[in-house]
Amino acid sequence: MKINKLFEPTENVNLKSYLKRCGISDVSRWLNSSFEDENEPYPIIKIDEARRMIATYIPENKPIYIVADEDVDGLLSAVVAYLTLKDLFHISNITILFHEKKVHGLHDDIMQKLTNSPAGLVWIVDAGTSDKEQCKILYNLGFQILITDHHVPDTENPYAHIINCMTMPVTNKELSGCGVTWKIGNSSSLLPYVAISLISDSMDMRTYENSAIMREALTHKPIPLVKIILDANSCEYTNRKSLAFTVIPAFNAVIRQGSIEDKLKLFKCLAGELSSEETNSVYIMCMDFLHQQKEKTNELVESLDMETNTPDKIIIADIKENTAYTGLVANQIMSKTNKPTLLYHDSENNKYQGSARSNISLLPILANCKLFDKVQGHDNSFGFTFGKDKLNDIKIFCNNLDIPEPCYTVIASVNNADNKAINNLFDFSKSLDYIYGMCLNVDSIYLEPCLIYTSNIARLGINGDTLKWSIKGITYITFHVKKYLLSYLDKHTSCKIEGIITPKITVFKGRTEKQMILSHLHILN
């Protein structure tokens, strides 16, 4: 097991050193600078033109259409665009357009709706920069098109006014689509939406502007639905990891599985247009979809178990169904194997399409290899399409890449006999929940090789593949243990193990328990 430790056992583990080792050059500025200082101004000519386009629709009450993208960043971008139009420009003739399934930008379903509607302003959020041909069609029909996006374009698009952090001379290239959309109105009251989008879309949280946005956003009252979800999970609003693991999955579940009516209901709730009673009903809807999502995702991960148990450098597997969960499943498999994962399924015109999740910057590599028809998204999280005849070539190409052995980055290593060190690292790791985000999510610890006795291990779960044991007041628990490892434990009284542990605090019937969630379990005997 290859380990990259931020701290050696002899070093003092502290927040400033942690931030420095995560790549933040000016830690004091990152921790303390004001939002006013870090709110990066966008080119005046770009913002003024966008505002002028919007303002022309005020006196004649012409229609404005907001096209929402199919993820949490896209949803929150649409909310911010809507509230900017409503509160800053006092416009009411606004139509929100959601996709019928997991697609992006000016897909056929949106184009059909727009081409059958009166011409007006189309505001595409978190997508659309590369939709040149669709924008041309709308432009020729008399529509004006405004795009606020953060994806790298693959073509020029002269038919829209585009504000995109990736194509403008700005410092922060890690702003979310919602953040770019927010720049039109620049209202601090909308920052809570931007903050959640930064986490949901895995934006690099080491940038000074993103750090300042998070700090400023958390001084505002939480969005009512966000507060309900956090309260139900006994979580604090200032705990960013709680946002990542309770709020964002709930929103994502509705976007992935819900009907257009469900998505509109969630949208209205987040925009503050529902009563308390209606907001509670949206919470129940979110939880129902979240439960379904967890069940389906786990089922798909288990169905792919044999295909992911491979020596290949990159996992490329057929998920066998066109599902909204492909990205979630790919992410879980990548987390389990610590390998880039591409999951594909049948599509139209003798093609495969799918989702990729990676622990390396994979998108530029695949986009330039000329084997894919389309590769679009972020460097570590993207969608793709390729011809079925290219599958074998893609597998050969990927497994000939010079990808280093998987390496686990951890805070430090610890011996399970050193209770003081374990407790100190436990407390430090949990404190990182309050600065959690992409590139600041190293909160695990390497458990050095240690001997455990099988008589002390409890087997839990329907399949008996959850293991739990305690040492000196710390509970260790590991899930979905492979059958061959369970078989080994059946035949031996003890075993030597190593793995990656992540601290977690559980509260059950008023009793608090410190747990170490053990992943990437290795038996060394």
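Now for a description of the structure that goes with this document. Source: prediction; values computed, not measured.

Details of the overall build of the protein chain
In terms of helices and strands, the protein chain carries 20 helices and 19 strands. Radius of gyration (C-alpha) of the protein chain: 24 Å, near the 24 Å computed for a compact globule of 525 residues. In terms of overall dimensions, the protein chain has C-alpha extents of about 80 × 55 × 45 Å along its principal axes. The 525 residues of the protein chain split such that 53% are buried. The contacts of the protein chain with a sequence gap of at least 6 include a subset with a gap of at least 24, amounting to 65%.

Focus on unusual backbone geometry
Most of the time, phi is negative for any residue but glycine, and the peptide bond is trans. If you check the backbone angles, Asp 126 has positive phi at about 60 degrees while not being a glycine. Structurally, the position occupied by Asp 126 is in the loop between β4 (121-125) and α7 (132-140). In this structure Asp 126 comes out as buried when scored by relative accessible area, which is 0%. At Lys 370, a position not held by glycine, the phi torsion is positive, near 65 degrees.

Structural notes on the packing of aromatic side chains
All chains considered together, the criterion is met by 14 aromatic pairs. Three or more aromatic residues joined by ring pairs make a cluster, and in this case those are Tyr 344, Tyr 352, Phe 372, Phe 384 and Phe 386. For Arg 29, the ring lying beneath its charged end belongs to Tyr 208, and the centroid distance is 3.9 Å. Seen from the ring of Tyr 57, Lys 62 lies directly overhead, with NZ or CZ sitting 5.8 Å from the centre.

A short note on helix α13 (residues 260-270)
Along an α-helix, a turn takes 3.6 residues, which lines up residues three or four apart on a common side. If you check which residues of α13 are buried, you get Asp 262, Lys 263, Leu 266, Phe 267, Cys 269 and Leu 270. Summarising the axial view, the buried residues of α13 lie within an arc of 165 degrees, below the 170-degree limit, and thus occupy one face. Residues of α13 that are buried in the fold lie against α5 (72-88), β3 (94-97), α9 (191-200), α11 (224-232), α12 (240-257) and α14 (276-303). In the stretch just after α13, Gly 272 is the one whose phi turns positive, near 80 degrees.

As for the packing of α13 against α14
Viewed as axis vectors pointing N to C, α13 and α14 meet at an angle of 130 degrees, and their least axial separation amounts to 10 Å. Classed by the angle they form, the pair α13 and α14 counts as oblique. In this structure, α13 meets α14 at a crossing whose hand is left-handed. Only Thr 279, Val 282, Met 285, Cys 286 and Phe 289 of α14 make contact with α13, whose side of the interface consists of Asp 262, Lys 265, Leu 266 and Cys 269.

Here's the deal with the sheet that holds strand β14 (residues 445-453)
The strand order across the open sheet formed by 7 strands is β13-β14-β18-β19-β17-β16-β15, and the pairing between neighbours is mixed. With partners counted over all chains shown, the strands left at the sheet margins are β13 (413-414) and β15 (458-460), one partner each. Sheet analysis places strand β17 (residues 474-478) next to strand β19 (residues 511-523), joined by 3 bridges and oriented parallel. Residue pairing in the sheet places Ile 477 in a bridge with Ile 517 of β19.

Here we look at the pattern of salt bridges
Applying the stated rule across the entire model yields 18 salt bridges. Here Lys 351 and Asp 373 are joined by a salt bridge, their closest N and O atoms 2.6 Å apart. You can see Lys 351 sitting in strand β9 (residues 351-357) and its partner Asp 373 sitting in the loop between α17 (363-367) and β10 (374-378), a full 22 residues away along the chain. Asp 490 is paired through a salt bridge with Arg 459; the nearest N and O atoms lie 2.7 Å apart. Taken together, the residues Asp 490 in helix α20 (residues 483-491) and Arg 459 in strand β15 connect sequence positions 31 residues apart. Under the relative-accessibility criterion, Asp 490 is labelled exposed at 55%. Residue Arg 459 is classed as partly exposed on the basis of its relative accessible area, which comes to 38%. Here the salt bridges do not stand alone but share partners, grouping Lys 296, Glu 299 and Glu 321 into one network.

The rules behind these values
Residues numbered from 1 in each chain as written. Predicted model: local features only at pLDDT ≥ 70, side-chain atom pairs only at ≥ 80, totals over all residues. Heavy atoms only, no water. Helix = DSSP H or I, 4+ residues; strand = E, 2+ residues; numbered from the N terminus. Rg over C-alpha atoms; globule rule 2.2 N^0.38 Å. Buried < 20%, exposed > 50% of the residue type's maximum accessible area, 1.4 Å probe, protein only. Contact = heavy atoms within 4.5 Å. Phe/Tyr/Trp six-rings, centres within 6.5 Å; stacked < 30°, edge-to-face > 60°. Lys NZ or Arg CZ within 6 Å of the ring centre and 35° of its normal. Arc of directions from axis to C-beta. Axes fitted to C-alpha atoms, helices over the stretch in contact; angles between N-to-C directions. Parallel < 35°, antiparallel > 145°, perpendicular 65-115°, else oblique. Left-handed = near helix turned anticlockwise from the far one by under 90°. Pairing = 2+ DSSP bridges. Salt bridge = Lys/Arg side-chain N within 4 Å of Asp/Glu carboxyl O.

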